[in-house]
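Each chain is listed here by its residues.
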Amino acid sequence: MKPADFDYTVPRTVPEALDVLADTGRDVRVLAGGQSLILEMHLQRIRPDLVVDINRITELDHLTTDGGQVEVGALVRHGRFESPHVVLGPLGRLFSLAVVNIAHPPIRARGTMVGSLAWGHPASEWCAIATALDAGIRLQGPDGAREVAARDWFLGPLRTARRPGELITSIRFPLLGEDTGVGFIEHRRTHFCFAQVAVAATLTVRDGVIEEARVALVNCADRPVRAHAAEQALTGAEAGSPRSGNRLPDGHPFVRAGRIAAEQDAAPLAEPYADPEYRRQAIAVLVGRTLRQASEGVAT
Ligand SMILES: Cc1cc2nc3c(=O)[nH]c(=O)nc-3n(C[C@H](O)[C@H](O)[C@H](O)COP(=O)(O)OP(=O)(O)OC[C@H]3O[C@@H](n4cnc5c(N)ncnc54)[C@H](O)[C@@H]3O)c2cc1C
């Protein structure tokens, strides 16, 4: 199919973009990488009256570090994060572990991290990482600028707290210290499919004891999920010695956390190739493996 007719405009500055986005009488859509929007327009599931192409607003193409935070502008493409060195420390490693799971190189060359947060797909890797780290989504709109914490951002599948007329300008993540290990593991049917289940985790370990654990689940509910029950079970537990042996014993805190995440934190829906029971089993296994990966990366 071809898209329905639409008007198209290319602002050069954020205020120009906000002017056109303020036209609330029409269905006005921001175009960033176009890797979700254009597909939906071709399928005519979205039929915008006006498309606002933000790709010429150079001020949105920034990736900066300041005061312990990394700010990712709305035009920073997925592919930028394939190198673990683009962002300092463990956060850069976490981004690089996750990004290779997003589609394939041409899509990663155009699609943007902010576009993923704006789209709010429950199977999005970036949405889960933003949830794990409680990133801040920064917006400008008719009522000025505001920042929304990731925990308040996702309202359901493809539904976010963005208000009409607002442009997301950037996302802010806290940098992670070298005492924090990171993990990201994904399970999907074929290489280019969206995740059936994936897990993002960070572990901060002091003297062999887990001081803080952050775990987020991809595609395990109608939105990204922070696995609070699993995190609580991990806090204060001994990280153990994950390098000994191939399989963690049943009573290991990571294995236990996997079971808790699957039973208490996740609310998996049925999909054509994965019923909720299968997905709960996958969650339990993947949470354990991802925590193990994170513990192996902690600087000791
Ligand atoms: C074959 C295929 C496989 C894919 N696999 C994956 C995958 O495994 N994981 C994954 O996460 N994604 C996947 N994607 C989606 C891809 O990551 C998209 O890039 C991403 O979802 C949206 O980013 P974008 O920059 O392309 O946004 P666009 O497509 O331009 O926009 C998406 C939506 O967000 C809005 N929007 C975008 N930017 C802003 C902004 N700054 N302010 C306000 N609204 C905005 C748009 O109006 C639109 O409604 C896949 C896509 C395809 C085609």
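*Asks:* How do you make sense of the site of the ligand when you look at a structure like this?
*Replies:* In the vicinity of the ligand lie 28 residues, with Val30, Gly34, Ser36, Leu37 and Thr112 positioned nearest. Leu37 is positioned such that a nitrogen or oxygen atom in its backbone is 2.7 Å from an oxygen atom of the ligand. When isolated, the ligand has an accessible area of 970 Å², and the protein chains bury 91% of it. Those elements that provide at least two residues to the shell around the ligand are β2 (28-31), α5 (113-119) and β10 (167-174). Here the shell around the ligand gets 5 residues from one element, more than from any other, and that element is α5.

*Asks:* What exactly am I supposed to notice about the pairing of strand β3 (residues 50-53) here?
*Replies:* Both faces of the sheet carry side chains from a regular strand, because those side chains alternate between them. Residues Leu50 and Val52 point to one face of β3 and Val51 and Asp53 to the other, with burial holding for every one of them. Inspection of the sheet shows strand β1 (residues 7-9) paired to β3 by 3 bridges, in the parallel sense. Counterpart to Thr9 in the pairing with β3 is Val52. Of the strand pairs in this sheet, β2 and β3 are connected by 4 bridges, and their pairing is parallel. In the sheet register, Leu31 faces β3, and the bridge partner there is Asp53. Crossover handedness for the path β2 to helix α2 (residues 37-42) to β3: right-handed.

*Asks:* Is there a simple way to explain the pattern of salt bridges in this structure?
*Replies:* Where side chains of opposite charge bring their charged atoms close, a pairing between them can arise. Within the structure shown, the criterion is met by 20 salt bridges. One salt bridge in this structure joins Glu178 and Arg93, with 3.6 Å as the shortest N-O distance. One end of the pair, Glu178, is in the loop between β10 and β11 (180-187); the other, Arg93, is in helix α3 (residues 89-99), and 85 residues separate them in sequence. Accessibility expressed as a relative area gives 44% for Glu178, which makes it partly exposed. Between Arg151 and Asp134 there is a salt bridge, with the nearest N and O atoms lying 2.0 Å from each other. Of this pair, Arg151 sits in helix α7 (residues 150-153) while Asp134 sits in the loop between α6 (125-133) and β6 (136-141), and the two are 17 residues apart along the sequence. The structure contains a network of salt bridges with shared partners spanning Glu71, Arg138, Glu147 and Arg172.

*Asks:* Please explain the sheet that holds β3 as it appears in this structure.
*Replies:* Strands in a sheet are paired, the pairing made by backbone hydrogen bonds, and the direction either parallel or antiparallel. Strand order in the open sheet formed by 3 strands is β1-β3-β2, with parallel pairing between adjacent strands. Because the sheet does not close on itself, it has two edges, and the strands there are β1 and β2. Strand-to-strand twist of the sheet, defined as the mean angle between neighbouring strand axes without regard to direction, takes the value 25 degrees.

*Asks:* Help me understand the pairing of strand β12 (residues 197-206), please; the structure alone is not making it clear to me.
*Replies:* Burial within β12 is extensive, with 9 of its 10 residues counted as buried. Relative to β12, β11 runs antiparallel, the two sharing 8 bridges. Directly across from Thr180, in β12, lies its bridge partner Thr204. Looking at chain direction, β12 and strand β13 (residues 209-218) are connected through 9 bridges and run antiparallel. Across the sheet, Thr202 pairs through a bridge with Arg214, a residue of β13.

*Asks:* Help me understand the packing of α3 against α6 in this model?
*Replies:* Describing two packed helices takes the angle between their axes plus the distance from one axis to the other. Running from amino to carboxyl end, α3 crosses α6 at an angle of 150 degrees, the nearest separation of the two axes being 10 Å. Of the possible angle classes, the one that applies to α3 and α6 is roughly antiparallel. Note on packing geometry: the crossing formed by α3 with α6 is right-handed. Here Leu91, Leu94, Phe95, Ala98 and Val99 of α3 come into contact with α6, specifically with Glu125, Trp126, Ile129 and Leu133. Across the contact of α3 with α6, the residue classes break down as 8 nonpolar, no polar and 1 charged.

The rules behind each value
Within each chain, residue numbers correspond to sequence positions counted from 1 in written order. Note on the predicted model: pLDDT of at least 70 is required for a residue's local features to be given, and 80 or more for side-chain atom pairs to be given and counted; whole-chain, interface and lining totals, by contrast, use all residues. In computing side-chain properties, one takes all heavy atoms of the structure into account and sets aside hydrogens as well as water. Here a residue is near a molecule or strand as soon as one of its heavy atoms is found within 4 Å of it. N or O atoms closer than or at 3.5 Å make up a polar contact, with two conditions inside protein: a donor-capable atom paired with an acceptor-capable one, and, for residues adjacent in sequence, both atoms drawn from side chains. What sets the accessible areas is the Shrake-Rupley method with a 1.4 Å probe; for residues, cover comes only from the shown protein chains. Numbering of helices and strands starts at the N terminus; helices are DSSP runs of H or I of at least 4 residues and strands are runs of E of at least 2. The buried label goes to any residue with under 20% of its type's maximum accessible area, the exposed label to any with over 50%, and the partly exposed label to all in between, with areas taken from a 1.4 Å probe on protein chains only. Strand pairing is assigned whenever DSSP identifies at least 2 bridges connecting the two strands. Clockwise travel from the first strand over the helix to the second, with the strands pointing away from the viewer, marks a crossover as right-handed. Throughout this description, the term salt bridge denotes a Lys or Arg side-chain nitrogen within 4 Å of a carboxyl oxygen of Asp or Glu. Geometry is summarised by axes, namely lines fitted to C-alpha atoms with helices restricted to the contacting stretch, and by angles between N-to-C directions that run from 0 to 180 degrees. Roughly parallel covers angles under 35 degrees, roughly antiparallel covers those over 145, roughly perpendicular covers 65 to 115, and oblique covers all other angles. Here a crossing is taken to be left-handed if its near helix is turned anticlockwise relative to the far helix by less than a right angle, and right-handed if that turn runs clockwise. We call two residues in contact whenever any of their non-hydrogen atoms come within 4.5 Å of each other. Residues were grouped as follows: Ala, Val, Leu, Ile, Met, Phe, Trp, Tyr, Cys and Pro as nonpolar; Asp, Glu, Lys and Arg as charged; and all remaining residues, including Gly, as polar.

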